[in-house]
Structures are given as structure tokens and as C-alpha cells.
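# An overview of the molecular structure
The residues making up each chain are set out below.
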Amino acid sequence: MKTSNDPRHHARRLAISIIYSAEISNPSNNIIASDEIIETSKEGLGITVFDQNLLLSIINGINEHKEELKAIILKHSIDWALDKIYKIDLSILLSSIWEIKFGNTPMKVVIDEAVELAKEFGETESPKFINGILAGVVKDI
């Protein structure tokens, strides 16, 4: 269960922030999680403690599998082109799908976290959209 002090939850919040920034500035390039970028994101989000291993695993995993992850999102986002999906939703989906496919966190936890992140950062319809995409991904697995 996530709490406001859960280092894994904060790692996911940081990951979403860093992925979002990369998707806004140059979506075709790798995501960079330099110490400076992490510190800036931590300050902006008010984070003091986070799971650095999880953060770096998510960022490096997305960089390694970005095209595959985007193809999965495209497959499950019927009638939505990637460039029409809110960048924050895309960031949450990239992170969550990477965790579902390649991480070691239970799928239910990943989906719950993704919906919580969508509530925190996304638009009104984001939690439902994210939940629907992830349900399709889980069904395929």
C-alpha cells in the first residue's frame, strides 16, 4: 500500500516527471536522468526520499524498450495516435508498462500506482484512460 512516505511511490513520481520532461522536449531521444535533473525534479515535487534503484531501472528500461513500449500503447489505445495522448498519460503508461513487462512488482500494484499517478498529475479522464490501457496490456500477458 502506498503512503506519502513510500520511497517506491516517490521513485515512480520522479520517473514520471523526468519522462514527461523528455517527452515534451525531444520524444525521439533517450531519457536522461542526470543528478541535476533528478535534484530539480525532487525539489519540484517535494521529495526527500526515493528508491533510486527503481527510478533508474524505470528510466533505463524505457530507454532500452521505448519503441516496443510505444507499440504496446498504440495497440491498446484504439483510435488514439501517440501524438494525441496527453504527454503525462504517455509518461505514466511508458513507466507502468515497463514495470508490468520487465519489472518485478505485482501487476495489481503497478496498475494501482498508475491510476494514483494519473489522479495526481493527469486530466480528469486520465485515470480511466490509463486503467483501460493497462487492463488491455495485462490481458495480453
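### Some details on the pattern of salt bridges
Opposite charge on two side chains permits them to pair, given that their charged atoms come into close proximity. In the structure shown here, the tally under the stated rule is 11 salt bridges. For the salt bridge of lysine 66 with glutamate 23, the shortest nitrogen-to-oxygen distance reads 3.4 Å. Residue lysine 66 is located in helix α3 (residues 52-76), and its partner glutamate 23 is located in helix α1 (residues 7-25); the two are separated by 43 residues in the primary sequence. Each of the two residues, lysine 66 as well as glutamate 23, counts as buried. Among the salt bridges present, the one from lysine 42 reaches glutamate 39, with a minimum N-O distance of 3.2 Å. In this pair, lysine 42 and glutamate 39 are both assigned in helix α2 (residues 35-45), three residues apart and thus about one turn of the helix distant.

### Section: the environment of isoleucine 37
Structurally, the position occupied by isoleucine 37 is in helix α2. Sequence separation between isoleucine 37 and valine 138 is 101 residues; the distance between their C-alpha atoms is 32 Å. Excluding anything up to four places from it in sequence, isoleucine 37 contacts Ile18 and Ile32.

### Details of the environment of glutamate 67
Mapping glutamate 67 onto the fold places it in helix α3. What makes glutamate 67 exposed here is its relative accessible area of 63%. When the C-alpha atoms of glutamate 67 and histidine 9 are compared, they prove to be 25 Å apart, with 58 residues separating the residues in sequence.

### A word on α2
For α2, the full list of buried residues reads Ile38, Ser41, Lys42 and Leu45. Burial along α2 is one-sided: seen end-on, the buried residues are contained in an arc of 105°. Exposed residues pointing more than 90 degrees away from the buried face of α2 are listed as Glu36, Thr40, Glu43 and Gly44. Of the surrounding secondary structure, the elements contacted by the buried residues of α2 are α1, α3 and α5 (107-121).

Reading the values: rules and limits
Residues numbered from 1 in each chain as written. Predicted model: local features only at pLDDT ≥ 70, side-chain atom pairs only at ≥ 80, totals over all residues. Heavy atoms only, no water. Salt bridge = Lys/Arg side-chain N within 4 Å of Asp/Glu carboxyl O. Helix = DSSP H or I, 4+ residues; strand = E, 2+ residues; numbered from the N terminus. Buried < 20%, exposed > 50% of the residue type's maximum accessible area, 1.4 Å probe, protein only. Contact = heavy atoms within 4.5 Å. Arc of directions from axis to C-beta.

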